[in-house]
Amino acid sequence: MVSDFASMNTLKENAPRHVAVIMDGNGRWAKKRGLPRSAGHKQGIEAVRRTVKAAAEFGVEYLTLFSFSSENWSRPESEIKELMRLLRYYLKSETAEFHRGNVSLKVIGNREQLDDDIVKLIENAETLTKDNTGLTLIIALNYGARQEILQAVSSICSTYLAKGVVPDELEVETVFPDHLSTGRMPDPDLLIRTSGEKRISNFLLWQCAYAEFFFSDVLWPDFTKRDFEEALLDYTNRERRFGSLSESQR
Ligand code: IPE
Ligand code: IPE
Ligand code: MG
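Read on for an overview of the structure. Throughout, residues of each chain are indexed from 1 in the direction in which the sequence is written. Going through the entries in the order they are written, you letter the chains from A and number the ligands from 1. Under the rules for a predicted model, residues below a pLDDT of 70 receive no local features and side-chain atom pairs below 80 are neither given nor counted, while totals for whole chains, interfaces and linings still include all residues. Computation of side-chain values: all heavy atoms of the structure, hydrogens and water removed.

1. Topic: the overall build of the protein chain
Right, on to step 1. Counting from the N terminus, the helices are the DSSP runs of H or I reaching at least four residues and the strands are the DSSP runs of E reaching at least two. Along the backbone of the protein chain there are eight helices and six strands.
Right, on to step 2. Starting at the N terminus and walking to the C terminus, you meet the elements of the protein chain as α-β-α-α-β-α-β-α-β-α-α-β-β-α.
Right, on to step 3. Throughout, radius of gyration means the C-alpha value; the globule benchmark is 2.2 Å times the number of residues raised to the power 0.38. Whereas a compact globule of 250 residues would reach a radius of gyration of roughly 18 Å, the protein chain reaches 19 Å, a difference of no more than 12%.
Right, on to step 4. Summarising its shape, the C-alpha atoms of the protein chain cover approximately 60 × 55 × 35 Å along the three principal directions.
Right, on to step 5. Each residue is placed in one exposure class: buried if its accessible area under a 1.4 Å probe, protein chains only, is under 20% of its type's maximum, exposed if it is over 50%, and partly exposed if it falls in between. Looking at the protein chain residue by residue over its 250 residues, the buried ones come to 46%.

2. Overview of the site of ligand 2
Right, on to step 1. Around ligand 2, the structure places I22, M23, D24, F66, S67, F68, N72, R75, R193, R199 and S201.
Right, on to step 2. In this structure, an oxygen atom belonging to ligand 2 sits 3.3 Å away from a side-chain N or O atom of R193.
Right, on to step 3. Under the convention used here, a 1.4 Å probe and the Shrake-Rupley method define accessible areas, while residue burial counts only the protein chains that appear. Across the complex, the protein chains shield 77% of the 390 Å² of accessible surface that ligand 2 would expose by itself.
Right, on to step 4. For the shell around ligand 2, the leading source of residues is strand β2 (residues 62–69), giving three residues. Consider each residue's heavy atoms; a residue with any of them within 4 Å of a molecule or strand counts as near. Any pair of nitrogen or oxygen atoms within 3.5 Å is treated as a polar contact; in protein, a donor-acceptor pairing is required on top of that, and neighbouring residues in sequence qualify only through side-chain atoms on both sides.

3. Comments concerning helix α8 (residues 225–236)
Right, on to step 1. Multiply 1.5 Å by the residue count of a helix minus one, and that product is the helix's expected span. With 12 residues, α8 ought to run about 16 Å at 1.5 Å a step, and its terminal C-alpha atoms sit 17 Å apart, in line with that.
Right, on to step 2. Among all positions in α8, only D227, F228, E229, A231, L232, L233, Y235 and T236 are buried.
Right, on to step 3. Contacts were defined at the residue level, with two residues in contact if any of their heavy atoms lie within 4.5 Å. Close packing links the buried residues of α8 with α1 (5–14), β1 (18–22), α3 (37–57), β2, β5 (190–193) and β6 (212–215).

4. Points about the side chain of S104
Right, on to step 1. Relative to the helices and strands, S104 resides in strand β3 (residues 104–108).
Right, on to step 2. Once you skip the residues sitting within four places of it in the chain, S104 turns out to touch T129, K130, N132, L135, T136 and L137.

5. Quick word on the environment of M8
Right, on to step 1. For M8, the position within the fold is in helix α1.
Right, on to step 2. A residue is classified by how much of its surface remains accessible, and M8, at 27% relative accessible area, is partly exposed.
Right, on to step 3. Sequence separation of M8 and A140 is 132 residues, and the distance between their C-alpha atoms is 29 Å.
Right, on to step 4. Other than its neighbours up to four places away in sequence, M8 contacts F58 and E229.

6. Examining the site of ligand 1
Right, on to step 1. Around ligand 1 there are 13 residues in total, and D24, G27, R28, R37 and R75 lie nearest to it.
Right, on to step 2. R75 places a side-chain nitrogen or oxygen 2.7 Å from an oxygen atom of ligand 1.
Right, on to step 3. Coverage of ligand 1 by the protein amounts to 86% of the 380 Å² it exposes when considered alone.
Right, on to step 4. Elements represented by at least two residues in the shell around ligand 1 include exactly α2 (26–32), α3 and α4 (77–100).
Right, on to step 5. Ranked by residues supplied to the shell around ligand 1, first place goes to α2 with three residues.
Right, on to step 6. A class-by-class count of the residues in the shell around ligand 1 yields two nonpolar, six polar and five charged. Each residue gets one label: Ala, Val, Leu, Ile, Met, Phe, Trp, Tyr, Cys and Pro are nonpolar, Asp, Glu, Lys and Arg are charged, and the others, such as Gly, are polar.

Following this line, the structure appears as structure tokens:
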């Protein structure tokens, strides 16, 4: 299929800088096999490993993975426990590997509800890998975009209140990204969602204003390097207009 020389070159030249992924379908993957949902989450880690490796190989600069949403706390406690256990395992087993691979890890989302040992693991991984210059891997954990936007608004208000001035709209627009957890990193160019669901589920609402969307029917644990490559190649054929007109329309 796509892994020929020409398509590799197309990808190298036109790969999206920032790819965000809603990794969905772990539960259905397990159900199809008569296994508990936790088995799907466990297998999902293999797809994470494959995707991180593939992103670096294809020259993607930023990869954001949605691993746990603010709304996922409403799942059964046993499932949440298992997800946190897997997260611990992943951070412990992968941190040194990231460092060896020149990957810089960042975690976005609210850390207040996370167990202290998980916060420590995150901080250690971020500190160890902060100067790495290869792929930036962003894990969205206990992340919700509406909450992030509200926090940004609140933080901007406090900043200006402390100064005793009212900012104008243009100024707010300029400083707004600094108050988001994604800071000054580029917005996602491509958003992939697996498992056939076609919604954004409170993920990067501000940042995805002009992202290209790619929906795959593959369940996340089955997602391969080829599936990722297919999404990237599809992206290279998109025409991004950002509200303007293309040359042929003028
Ligand atoms: C994605 O898979 C993982 C998380 C949301 C943590 P799901 O657990 O949502 O799997 P489905 O959607 O039930 O198949
Ligand atoms: C979105 O998937 C969150 C993650 C992939 C972490 P969900 O499975 O939670 O989303 P909904 O509930 O189907 O919208
Ligand atoms: Mg789901």
